[in-house]
Amino acid sequence: MKNYKFTVKYDGTRYYGWQRQPERNTVQGKLEEVLCRLCGVPTEIIGAGRTDAGVHAEAMIANAELDTELSVNEIRDYMNRYLPDDIAVTGVSEASPRFHARYNAIGKTYRYTVFTGEVKPVFGKRYMTVIDDKPDVGIMKEAAKLLVGKHDFRNFCANPKMKKSTVREIYSIDIKQKGDMITFIFRGNGFLQNMVRIAVGALLEAGCKRCGIPHIERALSSGERIKAGPTAPPQGLCLVKVDYF
């Protein structure tokens, strides 16, 4: 048995997220079906994170222990031959026996894309969120400064019964506008369930002047459960990169 590292990209539109779920279409489930076919035995693949239903990934990192004589390129080609068209393995390499895609990750980068044009987009609409408003990017950049750093993001988590620590560190939030497109780039040491989407929702509320920057500040500092903002739709979110030592 050898431990292998996989780089996977996928369009999450048809899937109930990464994590395997009984009788549901998931990215992990599809990968494991093909690995089982390759190895002849049930095989688990471990992802660096658990993207939500409808969320995409350009470079999800995963690992699996396989008993096979195939080369890394042959493993890659075999998987791509049998995977559906919206999932692709872009790279396979041998990893150390102790490598764990989730526990060894030290940071992640996510991108969220918003379309603000007056004419609906025809192409690429599965990878962006379309809104009718014209948010003020300057206000959103000011509001985003509050989120950068180490904070308790309990009010930016979709799981109200989260028992583990909800403290995370966001290294940076870059917000850029080009024509009708606004992109949010989040870099941090880790993200809670729906954390990026809730943060984007709060920033858009501030940018559209439906709530003030003090509301975001209160959501970070309050010890009580308060709604930080609406959760932005999943299709605009994409996992871009996972960092390791």
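Note that the structure is predicted; figures quoted are calculated from it, not measured. (Residues numbered from 1 in each chain as written. Predicted model: local features only at pLDDT ≥ 70, side-chain atom pairs only at ≥ 80, totals over all residues. Heavy atoms only, no water.)

**Q** Sorry, what's going on with the packing of helix α1 (residues 27–39) against helix α2 (residues 72–82) here?
**A** Helix packing geometry: the angle between the two helix axes and the distance between the axes. Where α1 meets α2, the axes come as close as 10 Å, and the angle between the chain directions of the two elements is 120°. Taken together, the axes of α1 and α2 are oblique relative to one another. Crossing hand, α1 versus α2: right-handed. Contact residues: α1 offers Leu 31, Val 34, Leu 35, Arg 37 and Leu 38, while α2 offers Ile 75, Tyr 78, Met 79 and Tyr 82. (Axes fitted to C-alpha atoms, helices over the stretch in contact; angles between N-to-C directions. Helix = DSSP H or I, 4+ residues; strand = E, 2+ residues; numbered from the N terminus. Parallel < 35°, antiparallel > 145°, perpendicular 65-115°, else oblique. Left-handed = near helix turned anticlockwise from the far one by under 90°. Contact = heavy atoms within 4.5 Å.)

**Q** Looking at this model, I keep getting lost on the pairing of strand β9 (residues 181–188). Mind explaining?
**A** On a regular strand, one side chain projects to one face of the sheet and the next to the other, so that they alternate. Taken together, the eight bridges between strand β5 (residues 105–115) and β9 define a ladder with antiparallel strand orientation. Within β9, the residue paired with Lys 108 across the bridge is Gly 188. Sheet analysis places strand β8 (residues 167–178) next to β9, joined by eight bridges and oriented antiparallel. When the bridges of β9 are listed, Ile 175 appears paired with Phe 184. In this antiparallel pair of consecutive strands, β8 and β9, the connection spans two residues, and Gly 179 shows a positive phi of 65°. (Pairing = 2+ DSSP bridges.)

**Q** What is the right way to read the pattern of salt bridges from this model?
**A** Two side chains bearing opposite charge may form a pair once their charged atoms approach each other closely. Evaluated as defined, the whole model comprises twelve salt bridges. Residue Arg 210 pairs with Asp 133 through a salt bridge whose shortest N-O separation is 3.1 Å. Within this pair, whereas Arg 210 is found in the loop between α4 (195–207) and α5 (213–221), its partner Asp 133 is found in the loop between β6 (129–130) and α3 (137–147), the two being separated by 77 residues in sequence. Connected through salt bridges with shared partners, the residues Asp 133, Glu 205 and Arg 210 form a single ionic network. (Salt bridge = Lys/Arg side-chain N within 4 Å of Asp/Glu carboxyl O.)

**Q** What am I meant to see in the side chain of Thr 51 here?
**A** For Thr 51, the position within the fold is in the loop between β2 (46–47) and β3 (56–66). You can call Thr 51 buried: its relative accessible area is 6%. At 2.7 Å, the side chain of Thr 51 and the side chain of Tyr 10 are in polar contact. Once you skip the residues sitting within four places of it in the chain, Thr 51 turns out to touch Tyr 10, Gly 17, Trp 18, His 56, Met 60, Tyr 110 and Leu 239. (Buried < 20%, exposed > 50% of the residue type's maximum accessible area, 1.4 Å probe, protein only. Polar contact = N/O pair within 3.5 Å; in protein donor to acceptor, adjacent residues only side chain to side chain.)

**Q** What's the story with the environment of His 56 in this structure? I'm lost.
**A** Relative to the elements of secondary structure, His 56 occurs in strand β3. Remark: the alpha-carbon pair of His 56 and Tyr 127, spanning 71 residues in sequence, is separated by 7.8 Å. Excluding its chain neighbours within four sequence positions, the residues that come into contact with His 56 are Tyr 10, Asp 11, Gly 12, Thr 13, Thr 51, Arg 126, Tyr 127, Gln 235, Leu 237, Cys 238 and Leu 239. Here Asp 11 takes part through its side chain, which lies 3.4 Å from a polar atom of the side chain of His 56. At a separation of 2.9 Å, a polar atom in the side chain of His 56 contacts the main-chain amide nitrogen of Gly 12.

**Q** What's the story with α4 in this structure? I'm lost.
**A** A turn of α-helix holds 3.6 residues, and therefore any two residues three or four places apart point the same way. The end-to-end C-alpha distance of α4, which contains 13 residues, comes to 18 Å, matching closely the 18 Å that a straight helix rising 1.5 Å per residue would cover. For α4, the tally of buried residues reaches 13 of 13 residues, placing the bulk of the element in the interior. Looking one or two residues beyond α4, the residue adopting positive phi is Lys 209, at roughly 65°. (Expected span 1.5 Å × (residues − 1).)

**Q** Would you mind going over the environment of Gly 117 with me for this structure?
**A** Looking at where Gly 117 falls in the secondary structure, it is placed in the loop between β5 and β6. A residue is classified by how much of its surface remains accessible, and Gly 117, at 13% relative accessible area, is buried. Residues Gly 117 and Asn 25, 92 residues apart in the sequence, show an inter-C-alpha distance of 33 Å. With residues near it in sequence (within four places) discarded, Gly 117 still touches Lys 134 and Asp 180.

**Q** Is there a simple way to explain the packing of aromatic side chains in this structure?
**A** Where two aromatic rings form a pair, the distance of their centres and the angle of their planes describe that pair. With the rule as written, the count across this model stands at five aromatic pairs. Taking the centre distance of 5.4 Å and the plane angle of 85° together, the rings of Tyr 110 and Phe 191 count as edge-to-face. Of this pair, Tyr 110 sits in strand β5 while Phe 191 sits in the loop between β9 and α4, and the two are 81 residues apart along the sequence. Of note, Arg 24 hangs over the ring of Tyr 16, and the distance from its end group to the ring centre comes to 4.3 Å. (Phe/Tyr/Trp six-rings, centres within 6.5 Å; stacked < 30°, edge-to-face > 60°. Lys NZ or Arg CZ within 6 Å of the ring centre and 35° of its normal.)

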